[in-house]
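An overview of the molecular structure
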Amino acid sequence: MNIYQNSNYSTSERVENLLSLMTFEEKVAQMGAQWLLLDAHGNHSERELEMASNAEKPTIKERLRHGLGQITRPLGTHSVSAVEGVKALNSLQKYLVEETRLGIPAISHEECLVGLMAKEATLFPSSLNYGHTWNPELMKSVGECIRDEVKQVGAKQGLAPVLDVSRDVRWGRTEETLGEDPYHVGVMATKYVEGLQGEKRDLLATLKHYVGHSYSEGARNHAPVNLGFKELNDTFLLPFEMAVKLGKARSIMPAYHDIDGEACHGSHFLLTEVLRNQWGFDGLIVADYGGIDLLAAHHHVAEDGAGAAALAFNAGLDVELPDDACTSRLALAVEKKLISLEKIDEIVRRILTVKFDLGLFENPYTDAENIELKKESTISVAYQTALESITLLENDGTLPLAQDTKLGVLGATANDQLALLGGYSFPVHLILSNVEDDAKVALTILDGLRQKFSSVKYQKGCDILTERHANAPVFPGDVDMAVEQNMESPVSKDASNIPAAITDVCDADVLLVCVGDLAGLFQTGTVGEGSDTDSLDLPGVQQELIDQALATGKPVVVLVSGGRPYNLGGAEEKAAAVIMAWAPGQEGARAIADVLAGDKSPSGRLTLSIPKNVGAIPYFYNHKLKSSGTPIAYHFGSKYCFGYGLSYANFDYQAVEVVNKEVEMHASVQISAVIHNSSEVDGEEVVQLYVRDKHASVVKPIRELKGFKKLLIPAGATRKVEFSLPTDMLNLTDQSNRRVVEPGEFEIMIGRSSKDIIFSQTINLIGDKYTLPKYWRMECLAEVTVIDTL
């Protein structure tokens, strides 16, 4: 027995022994992946890849004979039962372990942003819903539940969470973000990482898309990002730094774009200097699908695939995903002296270290006989997440509705189960593959309403899309090719059925108009990866449906679902109520019905500002003072700001104070507030702490979120929340690109939202400017005390 085969030796000893036994071909095999359709009997087949070249490939057996680094989405690639998918994965692992020379097992990875992306798995709400809960502990529970399902199907790595900070809601991938505040994103994502990885870190969470992916030109997919380092560091790098240092995330995925001309997949500064040297990241950096090839094919910073592989791996990348298109050309790169054998050994050493730490050599197989997806406890967490993310924007008292309310329901999203799902859910992914599956995976909104209310009449009124199929002209995209194809948008413009639909439901007491978008990757929908937009108007003729419903004079409740906010053409002021449900997953319909009926009080708070006008975009609450223009542009601003959301309960803020008006460097600012529920309804309030640096050496935002706490307060009860804000969190990136804390005056604010500020107090931070250490205090702690109970 070799040392690497003996678990009594340390990981480092086993790694060095195995590395010493490996041929060049075996080392390179660990740096790549294969994306195949697996078969339980070993008859694995090819899977067509959108971004692949037409070059002839070696046979599958030839590609596997030296071993394999990762197997790409064995269950998420096609519609296969969990049991059969695991058996097929075991078949591949059996070949690698028993028939290759060294018997090195592969890491299986799956997508898991909104639950395990595989048939029969729980369909969680979108990442945008996660953010709107403002509940970090619930976020950790989500990660734990998803972890359970991912591990059951044999995956050792999950490609989630997304830490992109939203900046332009026209971007199709807005639905994958947690919101527009870097601290909020960092806190929520870190908790997801903790839940997904577990204490032993025996499942790898993969932070993506590193970094700045959400601030692309025109909010277009893959488009360049034009940012200086100060903005990059303070806004976009911060969540990643938090998830690495606090959450101990063990994998990161670079983004497709370039920043100021430097492609992320080829950035030694980002992948090695910042991530490994400055932050101490100890995990694997895996390519986004096809990202290495794009260094040559689109960015043109490498001559060919061999040059692209050398550039990426020298920069700090460890594993090419989803295949080995460029890794397979590393021999040529070595021959050209573009990459050294020592660098390859360094990378393979990291890969093997992770494989040993994961226990793959001792337990390469997965139990296919005891798989239990969609446990009751998991479904309960999915429901709670959907419930806590529902955000009430307007209510004239019409809500909640009595059970005997005669409800007239309109809209294309009301009876479409896919309207409840995000783009990275399994049923939506099937559309991209042109696979039809009519299986019932979730109650529709209409189903949920009919279970809750005694009288519900429904008419669709209009469509959002005329058809749903793979629709991208070319992926990832070439301007001339796309223009030449002259494809027409499948968004419906047919409003002819609206009048009759309105007439049919007009005898109702209340009209519920269900509008929004449909998630779909690469233009199979109206939002999602590669499905960017040029407007904040609702897709198609849905605005006409709202307008005609309002014209009846009946109370109208507008329910918006989907992956981005929309302007409602003035309906915000005319409707009886406006609700944002986002993409609430398989339990979303039940949560929506419970809120409408008043069984539950809405507690979601916006993590995206809703711009007044598309001309205000990019708009985010933590902008600079001069962002509004001089004089202030009429179209600038947001009607519904970051942190905003209504409840059926009323909360009174009492006795808000900053304990220490003068604070020493390296200390903490102590802030407290007493919150009283003065209503007869139980509810949840999100207490928000903002800070403004009143005089800094660089231009700072008008305010920044530095702390928050969601409080469940029963009717008539009172809670006290006490924040402890470390002075480290008052930092900025200075002219030397260092995180520093400067003395001076800071305005401390407590509010219901970023605009509804209840309390403001200026403090004086005294002492000498200091540079933050490697592990600085990144969290504002909050403690809650029960003042009295019912």
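Residues numbered from 1 in each chain as written. Predicted model: local features only at pLDDT ≥ 70, side-chain atom pairs only at ≥ 80, totals over all residues. Heavy atoms only, no water.

1. Describing the overall build of the chain
Counting its regular elements, the chain contains 21 helices and 31 strands. Its C-alpha atoms give the chain a radius of gyration of 26 Å, near enough to 28 Å, the size a compact globule of 790 residues would have. Its C-alpha atoms give the chain principal-axis dimensions of roughly 75 × 70 × 55 Å. Out of the 790 residues in the chain, the part that is buried amounts to 62%. The contacts of the chain with a sequence gap of at least 6 include a subset with a gap of at least 24, amounting to 79%. (Helix = DSSP H or I, 4+ residues; strand = E, 2+ residues; numbered from the N terminus. Rg over C-alpha atoms; globule rule 2.2 N^0.38 Å. Buried < 20%, exposed > 50% of the residue type's maximum accessible area, 1.4 Å probe, protein only. Contact = heavy atoms within 4.5 Å.)

2. Looking at the UniProt feature "domain: Fibronectin type III-like" (unreviewed entry) in the chain
UniProt tags residues 685-754 as "domain: Fibronectin type III-like" (unreviewed entry). A helix fraction of 0% and a strand fraction of 59% characterise residues 685-754, whose end C-alpha atoms lie 14 Å from each other. (UniProt positions renumbered as here; feature names shortened; annotations may be inferred.)

3. Observations concerning the environment of Leu321
Within the secondary structure layout, Leu321 lies in the loop between helix 11 (305-315) and helix 12 (330-335). On a C-alpha basis, the gap between Leu321 and Glu194 in space is 24 Å, while along the polypeptide they are 127 residues apart. Dropping the residues within four chain positions of it, Leu321 is found in contact with Ala33, Gln70, Thr72, His109, Met253, Val286, Ala287, Asp288, Tyr289 and Gly290.

4. Brief notes about the sheet that holds strand 20 (residues 651-658)
With respect to topology, 4 strands assemble into an open sheet ordered 20-22-25-31, the strand pairing being antiparallel. The open sheet has two edge strands, strand 20 and strand 31 (781-788), and neither has a second partner. Taken over all neighbouring pairs, the strand axes of this sheet differ in orientation by 20° on average, direction set aside. Taken together, the 9 bridges between strand 22 (residues 668-677) and strand 25 (residues 718-726) define a ladder with antiparallel strand orientation. Looking at the pairing, Ile671 lines up with Phe723 of strand 25. (Pairing = 2+ DSSP bridges. Axes fitted to C-alpha atoms, helices over the stretch in contact; angles between N-to-C directions.)

5. Points about the packing of helix 16 (residues 445-452) against helix 21 (residues 588-596)
The N-to-C vectors of helix 16 and helix 21 enclose an angle of 45°; their axes lie 8 Å apart at closest approach. One finds that helix 16 runs oblique with respect to helix 21. Along this stretch, helix 16 crosses helix 21, giving a crossing that reads as right-handed. Between helix 16 and helix 21, the contacting residues are Ile445, Gly448, Leu449 and Lys452 on the first element and Ala589, Ile592, Ala593, Asp594 and Leu596 on the second. Classifying every residue of the contact of helix 16 with helix 21 gives 6 nonpolar, 1 polar and 2 charged. (Parallel < 35°, antiparallel > 145°, perpendicular 65-115°, else oblique. Left-handed = near helix turned anticlockwise from the far one by under 90°. Nonpolar A, V, L, I, M, F, W, Y, C, P; charged D, E, K, R; others polar.)

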